[in-house]
Amino acid sequence: MPETDHLKTDCTKCASLCCLALAFDEGEDFAFDKNPGEPCRNLAGHSCTIHDRLAQEGFRGCVAYDCLGAGNRVVQEVFAGQSWQTDPRLVRPMMEAFSGMREVHKRIDLLRALEMLPIEPRDEQTRRDFLARLEQHRWNGRELNEFEAGLALEIDIFFHGFRKYLPDAAFARD
Ligand code: SF4
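Computed from a prediction, not measured in an experiment: that's the story for all the values here.

Draft legend 1. Quick look at the overall build of the protein chain. A tally of helices and strands in the protein chain yields seven helices and two strands. Here the protein chain holds 174 residues, and the buried ones make up 23% of them. Partitioning the contacts of the protein chain with sequence separation of at least 6, the portion at a separation of at least 24 is 71%.

Draft legend 2. Representation of the site of the ligand in the model. Around the ligand sit Cys19, Cys40, Asn42, Leu43, Cys48, Ile50, Phe59 and Cys62, and that is every residue in its neighbourhood. By residue class, the composition of the shell around the ligand is seven nonpolar, one polar and no charged.

Draft legend 3. Layout of the packing of helix α4 (residues 91-113) against helix α5 (residues 121-136). Taken N-terminus to C-terminus, the directions of α4 and α5 make an angle of 150 degrees; their axes are 10 Å apart at the nearest point. With respect to the hand of their crossing, α4 and α5 are arranged in left-handed fashion. Residue-level contacts link Val104, Arg107, Ile108, Leu111 and Arg112 of α4 to Arg127, Phe130, Leu131, Leu134 and Glu135 of α5. Within the contact of α4 with α5, the residues separate by chemical class into six nonpolar, no polar and four charged.

Draft legend 4. Just α5, in detail. The first and last C-alpha atoms of α5 sit 22 Å apart over 16 residues, in line with the 22 Å expected at 1.5 Å per residue. Listed in full, the buried residues belonging to α5 are Arg127, Phe130 and Leu134. The buried residues of α5 all sit within an arc of 70 degrees when viewed along its axis, so they share a single face. Residues of α5 that are exposed and point over 90 degrees away from its buried face: Pro121, Arg122, Gln125, Arg128, Asp129, Ala132 and Gln136.

Draft legend 5. Quick look at the nonpolar core. Membership of the largest hydrophobic core comes to 27 residues, with the highest contact counts inside it found for Leu17, Val74, Met94, Ala97, Phe98 and Met101. Elements supplying a minimum of two residues to this core: α1 (17-21), α3 (70-78), α4, α5 and α6 (141-147). The leading source of residues in this core is α4, at seven residues. Phe98 has contacts with Leu17, Ala21, Ala70, Gly71 and Val74, leaving out every residue within four places of it along the chain.

Draft legend 6. Summary view of the packing of α3 against α4. Running from N to C, α3 and α4 point in directions that differ by 120 degrees, and their axes come no closer than 9 Å. One element, α3, and the other, α4, form an angle in the oblique class. Pair α3 / α4 crosses with right-handed handedness. Along its contact with α3, which presents Ala70, Gly71, Arg73, Val74 and Val78, the element α4 presents Met94, Ala97, Phe98, Met101, Arg102 and His105. Residues of the contact of α3 with α4, tallied by class, amount to seven nonpolar, two polar and two charged.

The rules behind each value
- Residues numbered from 1 in each chain as written.
- Predicted model: local features only at pLDDT ≥ 70, side-chain atom pairs only at ≥ 80, totals over all residues.
- Helix = DSSP H or I, 4+ residues; strand = E, 2+ residues; numbered from the N terminus.
- Buried ≥ 20, exposed ≤ 12 C-beta atoms within 10 Å, placed from the backbone.
- Contact = placed C-beta atoms within 7 Å.
- Near = placed C-beta within 6 Å.
- Nonpolar A, V, L, I, M, F, W, Y, C, P; charged D, E, K, R; others polar.
- Axes fitted to C-alpha atoms, helices over the stretch in contact; angles between N-to-C directions.
- Left-handed = near helix turned anticlockwise from the far one by under 90°.
- Expected span 1.5 Å × (residues − 1).
- Arc of directions from axis to C-beta.
- Core = buried A, V, L, I, M, F, W, Y, C linked by C-beta atoms within 7 Å.
- Parallel < 35°, antiparallel > 145°, perpendicular 65-115°, else oblique.

Following this line, the structure appears as structure tokens:
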């Protein structure tokens with residue numbers, strides 16, 4: 001486990017990026033519609049005004065959501081603690097970086113989970129190398145924007161190779 005666990009979400013070090021960037025539809029999990037890039041109407045500064053009663057107010061989706069530490073990492077590592085609320089020019093770059101970092105952190109989560117499998121030494125080394133690249137790299141906005149079309153594809157191809165370690169049923173939905 002790295003010294004800083006990048007998958008640990010810390011909303012106190014974020015700038016409410018999920019409450020800005022993510023869209024949701026009115027229904028069982030959300031009480032109204034919200035578009036991407038539209039600050040949630042329940043947001044005051046970086047705090048949710050209904051945080052203590054989200055489920056009762058119809059926002060079970062917010063209770064269930066976890067960015068896996070992507071929001072706090074983006075704000076601290078990429079934007080040095082700045083916020084779109086004090087500089088509206090940051091809305092778009094912060095949303096884009098948050099999107100890219102979520103993809104980085106999803107893959108960190110999966111790469112860590114593969115540790116449980118009895119895999120060949122060469123695959124284990126590749127797994128560790130990818131993890132180190134994702135966890136130890138200090139990302140910038142451009143790199144995050146390019147992640148899905150570059151390194152993420154390499155990692156996804158690596159994941160594809162893990163079929164050989166799993167029972168056929170694990171991929172029955174593919
Ligand atoms: S209801 Fe609260 S936690 Fe959910 S998006 Fe709005 S401000 Fe964020």
